[in-house]
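What follows is each chain in one-letter form.
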Amino acid sequence: MWPSPWCVTCGFGLAMAICVPFGFLNLEENMWFQFMSFVCLGLFTTEFVGQFAIEGLQPSRTPAFAEPNVFEAFGVVMFTYAFIVTVPSWVNEKKPAVSVKKVMWTSALTCSLLQLAFGLLGAWAFDLVGPKATCTKSDCQNILLIFDHPDMPVITRYSSYLFMLTTLVPGIPVLAIVVRYNLQSSGLCSRIGATFWGVIAPWVIALFLYNTPYFVKVLSCPPYASQTSCICSCSTL
């Protein structure tokens, strides 16, 4: 526990050092970074599923209703489909022969099924609620924090660390580039202004929020409005 929420962790600094330079590039120049992220996603997910199997799968650990307040969970679920904001920019750079509808439906359905399967396996492998919970309530809300437990095998612990750097972090520059593109192409900002608001400003804002309880509240509320507007704007594709 940090003595004050107004501090910068090494993890935050490392993530910013990786993401900001890639945010200055275009989508095509970021592709090798995304390919590497995809390979790491497959490798580490396989390792995590193996750890689930070692722990033992018990479907009885997933009751129909576990917590009376699941408001924050809805925000996280909605954010998993935030990729839709990148679709217009991707359409402008894709090859003419690539089908937008085929790519969109195949990707969304495949990821939804894999996400559901991974979530169930994780819930079956650990006691996440009740007096026999594997760890604290806050840690049980993040599977990576469970993998970071001292009782876990070394390979699983290091995989959880690398998962964040190689799988979660590479997705940040893509969103920064899309915001930069949209601000500049719409005429709202100059090239320098779009770069600042799309690449640098989000990190400055996060710097003052990510270690406070306000960050969770911010993540929980906006997805409903933002996701609806994104779906409406992209529904013509």
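To start, this report covers the structure provided alongside it. (Residues numbered from 1 in each chain as written. Predicted model: local features only at pLDDT ≥ 70, side-chain atom pairs only at ≥ 80, totals over all residues. Heavy atoms only, no water.)

1. Here's the deal with the overall build of the protein chain
A count of helical and extended segments in the protein chain gives 12 helices and zero strands. Counting only residues that meet the buried cut, the protein chain has 27% of its 237 residues in that class. Expressed as a percentage of contacts within the protein chain between residues at least 6 apart in sequence, the contacts between residues at least 24 apart total 73%. With an accessible surface of roughly 15,300 Å², the protein chain has 72% of that area assigned to carbon and sulfur atoms. (Helix = DSSP H or I, 4+ residues; strand = E, 2+ residues; numbered from the N terminus. Buried < 20%, exposed > 50% of the residue type's maximum accessible area, 1.4 Å probe, protein only. Contact = heavy atoms within 4.5 Å. Areas by Shrake-Rupley, 256 points an atom, 1.4 Å probe, with all protein chains shown as cover.)

2. So, the side chain of Asn30
Locating Asn30 in the fold gives a position in the loop between helix H1 (10-23) and helix H2 (31-55). You can call Asn30 buried: its relative accessible area is 1%. At 3.1 Å, the side chain of Asn30 and the backbone oxygen of Asn26 are in polar contact. (Polar contact = N/O pair within 3.5 Å; in protein donor to acceptor, adjacent residues only side chain to side chain.)

3. Brief notes about the nonpolar core
Counting 13 residues, the largest nonpolar core has Phe48, Phe126 and Phe147 as its most contacted members. Within the residue set of this core, elements represented by two or more residues are H2 and helix H7 (143-147). Here the element with the most residues in this core is H2; it accounts for four residues. Sequence-distant contacts of Phe126, that is, excluding residues within four places in its chain, are made with Phe52, Glu55, Arg61, Thr134, Ile143, Ile146, Phe147 and Met152. (Core = buried A, V, L, I, M, F, W, Y, C linked by side-chain atoms within 4.5 Å.)

4. Describing H2
Here H2 spans 36 Å end to end across 25 residues, near enough to the 36 Å set by a 1.5 Å rise per residue. Three or more residues of H2 are buried, namely Phe33, Ser37, Cys40, Phe44, Glu47, Phe48, Gln51 and Phe52. Where H2 is buried, its residues meet H1, helix H5 (100-125), H7, helix H8 (154-168) and helix H9 (171-185). The positive-phi residue at the C-terminal boundary of H2 is Gly56, with phi of around 100°. (Expected span 1.5 Å × (residues − 1).)

5. Quick look at helix H10 (residues 191-209)
Here H10 contains 19 residues, and its C-alpha end-to-end distance of 27 Å stays within 8% of the 27 Å for a straight helix at 1.5 Å per residue. Within H10, the axis deviates most sharply at Ile200, by approximately 45°, and proline Pro202 lies no more than four positions further along. Those residues of H10 that sit buried are Gly193, Ala194, Thr195, Gly198, Val199, Ala201, Trp203 and Ala206. (Bend = angle between axes of the 7 residues up to and from the residue.)

6. Remarks on a nonpolar patch on the surface
Taken together, the side chains of Phe24, Phe196, Trp197, Ile200, Val204 and Phe208 make up a nonpolar region of the molecular surface, amounting to roughly 590 Å² of accessible area. Its place among the elements puts Phe196 in helix H10. (Patch = residues over 30% accessible without salt bridge, like charges linked within 9 Å, V, L, I, M, F, W, Y side chains within 5 Å. Salt bridge = Lys/Arg side-chain N within 4 Å of Asp/Glu carboxyl O.)

7. Some remarks on the packing of H2 against H8
At a closest axis distance of 10 Å, the pairing of H2 and H8 adopts a crossing angle of 150°. Taken together, the axes of H2 and H8 are roughly antiparallel relative to one another. Relative to H8, H2 is oriented so that their crossing is left-handed. Of the residues in H8, those touching H2 at Met36, Ser37, Cys40, Leu41, Phe44, Thr45, Glu47, Phe48 and Gln51 are Ile155, Thr156, Ser159, Ser160, Leu162, Phe163, Thr166 and Thr167. Considered class by class, the residues forming the contact of H2 with H8 number eight nonpolar, eight polar and one charged. (Axes fitted to C-alpha atoms, helices over the stretch in contact; angles between N-to-C directions. Parallel < 35°, antiparallel > 145°, perpendicular 65-115°, else oblique. Left-handed = near helix turned anticlockwise from the far one by under 90°. Nonpolar A, V, L, I, M, F, W, Y, C, P; charged D, E, K, R; others polar.)

8. Here we look at the environment of Ser159
The topology assignment puts Ser159 in helix H8. Note: C-alpha distance between Ser159 and Phe44 (115 residues apart in sequence) is 6.1 Å. Sequence-distant contacts of Ser159, that is, excluding residues within four places in its chain, are made with Phe44, Glu47 and Phe48.

9. Observations regarding the packing of aromatic side chains
Evaluation of the coordinates by the stated rule reveals 11 aromatic pairs. Seen from their ring centres, Phe126 and Phe147 are 6.3 Å apart, and the 70° between their planes marks the pair as edge-to-face. In this pair, Phe126 is assigned in the loop between H5 and helix H6 (137-140) and Phe147 in helix H7, connecting sequence segments 21 residues apart. Assessed through its relative accessible area of 3%, Phe126 is described here as buried. (Phe/Tyr/Trp six-rings, centres within 6.5 Å; stacked < 30°, edge-to-face > 60°.)

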